[in-house]
Number of protein chains: 2
Amino acid sequence: MANAKQVSGKLEWRINVPDGTSNVIVPESDQLVNKAWLWLKGLLCGLVLKIWRFLYKAWNLGVAEPKKVIHGVKVGLSLLLVSFFYYMRPLYEGVGGNAMWAVMTVVVVFESTVGATLCKCINRATGTFLAGSLALGVQWIANKSGETFEPIIIGISVFLLASATTFSRFIPSVKTRFDYGAMIFILTFSLVTVSGYRVDRLFELAYQRLSTVAIGTSLCIFITMVFCPIWAGSGLHDLIVCNLEKLADSLDGCVGECFKDNKTKFGTEEGPSKRMQGYKCVLNSKATEEVMANFARWEPAHGRFNFRHPWKQYLKIGASMRNCAYCIEALNSCINSEIQAPDYLKKHLSDVCMLLSTNSSEVLKELVIIMKTLTKSSKIELLIGEMNFAVQKLQDSLNSVPNSFIGPTVSTLQAPNEANRETIPKTAIPSLMDVFPMASLVYLLIQIAARIEGIADAVDQLAGLAEFKLAKDENSKQKKPTNKSTSDKQDHEAMKTSPKV
Amino acid sequence: MANAKQVSGKLEWRINVPDGTSNVIVPESDQLVNKAWLWLKGLLCGLVLKIWRFLYKAWNLGVAEPKKVIHGVKVGLSLLLVSFFYYMRPLYEGVGGNAMWAVMTVVVVFESTVGATLCKCINRATGTFLAGSLALGVQWIANKSGETFEPIIIGISVFLLASATTFSRFIPSVKTRFDYGAMIFILTFSLVTVSGYRVDRLFELAYQRLSTVAIGTSLCIFITMVFCPIWAGSGLHDLIVCNLEKLADSLDGCVGECFKDNKTKFGTEEGPSKRMQGYKCVLNSKATEEVMANFARWEPAHGRFNFRHPWKQYLKIGASMRNCAYCIEALNSCINSEIQAPDYLKKHLSDVCMLLSTNSSEVLKELVIIMKTLTKSSKIELLIGEMNFAVQKLQDSLNSVPNSFIGPTVSTLQAPNEANRETIPKTAIPSLMDVFPMASLVYLLIQIAARIEGIADAVDQLAGLAEFKLAKDENSKQKKPTNKSTSDKQDHEAMKTSPKV
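Residues numbered from 1 in each chain as written. Chains lettered and ligands numbered in written order. Predicted model: local features only at pLDDT ≥ 70, side-chain atom pairs only at ≥ 80, totals over all residues. Heavy atoms only, no water.

### Section: the overall build of chain A
A count of helices and strands for chain A gives 21 helices and 2 strands. Across the 501 residues of chain A, 49% fall into the buried class. With an accessible surface of roughly 25100 Å², chain A has 62% of that area assigned to carbon and sulfur atoms. (Helix = DSSP H or I, 4+ residues; strand = E, 2+ residues; numbered from the N terminus. Buried < 20%, exposed > 50% of the residue type's maximum accessible area, 1.4 Å probe, protein only. Areas by Shrake-Rupley, 256 points an atom, 1.4 Å probe, with all protein chains shown as cover.)

Given below as structure tokens:
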């Protein structure tokens, strides 16, 4: 498009130059038409390209998340069903020609998850009912107090109730659960009271509105729960599991990146570095988690989740995961920093650091299994014990650094030569400057281990609240080598009390 | 309440025992009445208490944020105004008795910020208009194709358009800006096409719907912009400024906490520890920022902000602030960790660390001033230079640690005795275990400095995009001591290139 415009601009210039160098002379009107044509063509091309891009994006989204396409089809289906009310005379007349309200209810109430739809339906029905009854009462009082006072009483009641209810929508407890209901309350109240002044068949109006809302909401609930239901609860569960996996991957990736040989540094594919960024999803998923947990509370028992599954605990797990992700973020920047740790220190700590990170991510992976199978794992305490043991080992090897390896006094930044270092006398003292990137890496690793224990605690609480059972294969395994596993457990319980940072 | 129930339960037991030990005999009916009365009283007390607590919360919210009360009053006022349509016969008949739609528009469209209201109004008007015209076209085609095909054509068109539009609401670009418009599009399209089959005055219906929507939206826009307008843009601006201040406070608080004397540790008030937690607000404000920036884009010029003020840049500033807050989070946990740095190291590094943190928070405070006054500051480069100089100084003093101070070989954890340490031979080598909490603290401080520079860059970009002017007093100051300030600037420009982590 931009190109076409430039070309047309140049063409025009060449024609307007009066020195005769240009031998193509075009009449002015033709020229204008030409210009307009090119402009139009550019515009059309741009528009087509934009639409094409939009459709391409939409297609990709549909392929990536077919659930969203299904939701669209479900809404279309419900609207089709509800519009039958218009075509069937008995149904249409049954609600006094107000079938419109049913259509409206379907459009407004149908949300992508079952929980959100239920929340809106219940809010809408309750709000409509409460406001309808209250409006009838106010209308009755206003009617009794004479023609002069009627509009005044109605006006004041509308003003006061609308103000108070609107304000109440800001109160957190109302906002999270009854926001939509409060809006519908104001809507119905003002519609019924205000139109009551004109429409004399007030009871009939209220009844019709209630019955059409009931038709619309029950249709929505039926369709959303029967055809490929999308549960907010399952979504939240999957999100947490996926985030746990991402956290384990990032941790593995980060520490692996730090301790890998320099030779392979340039030969890596895109894969691992993309995997390392997984913790960013964890950092950014707070809002989604909250919305989903809020809707999940409205859902009935579904899949492996009972009604009143402890969805709030998922928020705590999410918070502890974010807590851990903050540290991984710092670790990541530590690894990408310009100042690199001296090789002798790296080599010394490489094994223990890798051990700790492997143990830590194994704990995370076991948590993933617990969450996926909704069963308690007897292995988890063992793994946490191993992780804490690795922390202890890392601390020990830190203590032994100055005794086994003595680095150069001169900063390795100034003398990064391999040959040089070997010749430096063994009695020299390492500069703090040399060790501090490594020290903060180690510190962060230990912090991460402590925070992973926090995640494990939160998952354990969930297992208690939701009454997870022991896994079957775990049960059978445990029976056979009883003595060994209990002694093992004691060992690791002892390790659990090892000093933590 | 629970107490009352228990008492009544005991009473009942004593009476029912037939051994004559209880000499108070109450007839059974009285007993039941008594029980019911206590139960009712308990229930009522509980309810009153709940309502009281709710009102107390609401009152506190209203006192803390009077803007929310004002919003409630504004909604009440608009509803009152729009309900006049019902009382004035000429107005009421002008829209064919459909004044109801105007009431509905006001309730649904009125949001707390001007941007959100404008966004919804424009979405509603556009959606209604587009869907109305399309529905008329479909209706015309359906009418032409005979009575048998009419419901089929209409049904298919409703199904397809509703499905496609519902799906499109998932596409991010549509979701952020036109979500509400898409819903209104489906609503109007299905209402008009479906009711067109019954209501023969179709054009009239479409016209009435459009005119009532226009009345409702224009009333909303008028009231929201004229009476105490609440701007999403100003809100976003204030949020960012407030978060910058909190970040500076937390940094000061954290580092101050770490290096203060142990004697004063127990004498501190609640104040500083609460101030230290400010960074948590920064970590959690991503969703709010995004919503506000999205609405701010719809707002006209207001206060000191032009139309098309670069609101998107605020999101970048927010992201860089969160980046910095991650590090402060790690720093905070570093300070609260059980293992404390040895005192000799703390003393050695205390001054430089405090200098760096003071300089860093001064940069943040200068950024607050820039944002508050919407003026460029010539001081900011100087301050960043000073911060980088402090980073350099800290690195230098790290390098000099082993030469000037030699710590004990034995871990200070095991021998925290002051007297002991003085006698340890000066040639002993410090264990890595001793230095590593301090090292990570230092590393994080340097990281924070680097990330604060990132915030400064983002603010600088904003200043460029929004064409901030130089502060007046800065202009006059700069004119007098020209030579000094330029030479100073050069110094600090040189410092800026100091090695960073």
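Having seen the structure, we can now continue with the description.
### Looking at unusual backbone geometry
Residues and elements named next belong to chain A. Positioned with a positive phi, Cys228 is a non-glycine residue whose angle comes to about 40°. When you line up the elements, Cys228 lands in the loop between α9 (202-226) and α10 (232-259). A relative accessible area of 47% means that Cys228 is categorised as partly exposed.

### So, a positive patch on the surface
A grouping of Arg297, Arg308, Lys312 and Lys316 of chain A is seen on the molecular surface, where their side chains present a positively charged patch. Along the polypeptide, Arg308 of chain A turns up in the loop between α13 (286-296) and α14 (311-335). (Patch = residues over 30% accessible without salt bridge, like charges linked within 9 Å, V, L, I, M, F, W, Y side chains within 5 Å. Salt bridge = Lys/Arg side-chain N within 4 Å of Asp/Glu carboxyl O. Lys, Arg positive; Asp, Glu negative; His and termini not counted. Charge placed at Lys NZ, Arg CZ, Asp CG, Glu CD.)

### What to know about the environment of Ser250 of chain B
Residues and elements named next belong to chain B. Relative to the helices and strands, Ser250 is located in helix α10 (residues 232-259). Counting along the chain gives 82 residues from Ser250 to Asn332, while the straight-line C-alpha distance between them is 9.0 Å. Excluding its chain neighbours within four sequence positions, the residues that come into contact with Ser250 are Arg275, Met276, Gly278, Tyr279 and Ile328. (Contact = heavy atoms within 4.5 Å.)

### Thoughts on a nonpolar patch on the surface
A cluster of nonpolar residues, Trp37, Trp39, Leu40, Leu43, Leu44, Leu47, Ile51, Phe54 and Leu55 of chain A, forms a patch on the protein surface that exposes about 880 Å² of accessible area. Position of Leu40 of chain A among the secondary structure elements: in helix α2 (residues 28-64).

### Focus on the packing of α14 of chain A against helix α14 (residues 311-336) of chain B
One can describe the packing of α14 of chain A onto α14 of chain B by two numbers: an axis separation of 9 Å at closest approach and a directional angle of 105°. Looking at the two axes, α14 of chain A sits roughly perpendicular to α14 of chain B. Along the contact surface, α14 of chain A presents Asn323, Tyr326, Glu329 and Ala330 of chain A, while α14 of chain B presents Asn323, Tyr326, Glu329 and Ala330 of chain B. For the contact of α14 of chain A with α14 of chain B, the residue count by class is 4 nonpolar, 2 polar and 2 charged. (Axes fitted to C-alpha atoms, helices over the stretch in contact; angles between N-to-C directions. Parallel < 35°, antiparallel > 145°, perpendicular 65-115°, else oblique. Nonpolar A, V, L, I, M, F, W, Y, C, P; charged D, E, K, R; others polar.)

### Quick word on the packing of aromatic side chains
By the definition in use, this model includes 9 aromatic pairs over all chains. Ring centres of Phe178 of chain B and Trp298 of chain B lie 6.4 Å apart, and the angle between their planes is 90°; on these two criteria the pair is classed as edge-to-face. With Phe178 of chain B in helix α8 (residues 172-196) and Trp298 of chain B in the loop between α13 (286-296) and α14, the pair connects residues that are 120 residues apart, well separated along the chain. Classification of Phe178 of chain B as partly exposed rests on a relative accessible area of 41%. With relative accessibility at 14%, the residue Trp298 of chain B sits in the buried group. Through pairs of rings, three or more aromatic residues link up here, namely Phe305, Trp311 and Tyr314 of chain A. Above the ring of Tyr180 of chain A, the side-chain terminus of Lys120 of chain A is found at 4.7 Å from the ring centroid. Across from the ring centre of Trp298 of chain A, 5.5 Å away, lies the NZ or CZ of Arg177 of chain A, which sits over that ring. (Phe/Tyr/Trp six-rings, centres within 6.5 Å; stacked < 30°, edge-to-face > 60°. Lys NZ or Arg CZ within 6 Å of the ring centre and 35° of its normal.)

### Examining the packing of helix α6 (residues 114-144) of chain B against helix α7 (residues 146-168) of chain B
The description of two packed helices rests on the angle between their axes and on the distance between the axes. All names here are of chain B. One way to put it is that α6 packs onto α7 with a least axis distance of 7 Å and a crossing angle of 150°. Judged by the inter-axis angle, α6 sits roughly antiparallel to α7. Seen from above, α6 lies across α7 with right-handed handedness. Side by side, α6 and α7 meet where Leu134, Val138, Gln139, Ala142, Asn143 and Lys144 of the first sit next to Gly146, Glu150, Ile153, Ile154, Ser157 and Leu161 of the second. Grouping the amino acids of the contact of α6 with α7 by side-chain chemistry returns 6 nonpolar, 4 polar and 2 charged. (Left-handed = near helix turned anticlockwise from the far one by under 90°.)

### Considering the confidence of the model for chain A
All names here are of chain A. A residue-level look at chain A finds 75% of positions with pLDDT of 70 or above and a mean pLDDT of 77. Averaged pLDDT values over the elements of chain A bottom out at 41 in helix α21 (residues 482-496) and peak at 90 in α13. Considering only residues more than four positions removed or in separate chains, one finds that residues 262-270, a stretch of pLDDT under 50, has 2 contacts. For residues 478-501, every residue scores under 50 in pLDDT, and the model assigns this stretch 31 contacts once sequence neighbours within four places are set aside. Model confidence for the complex: the whole-complex pTM is 0.77, and ipTM, which rates the interface, is 0.76. (pLDDT = per-residue confidence, 0-100.)

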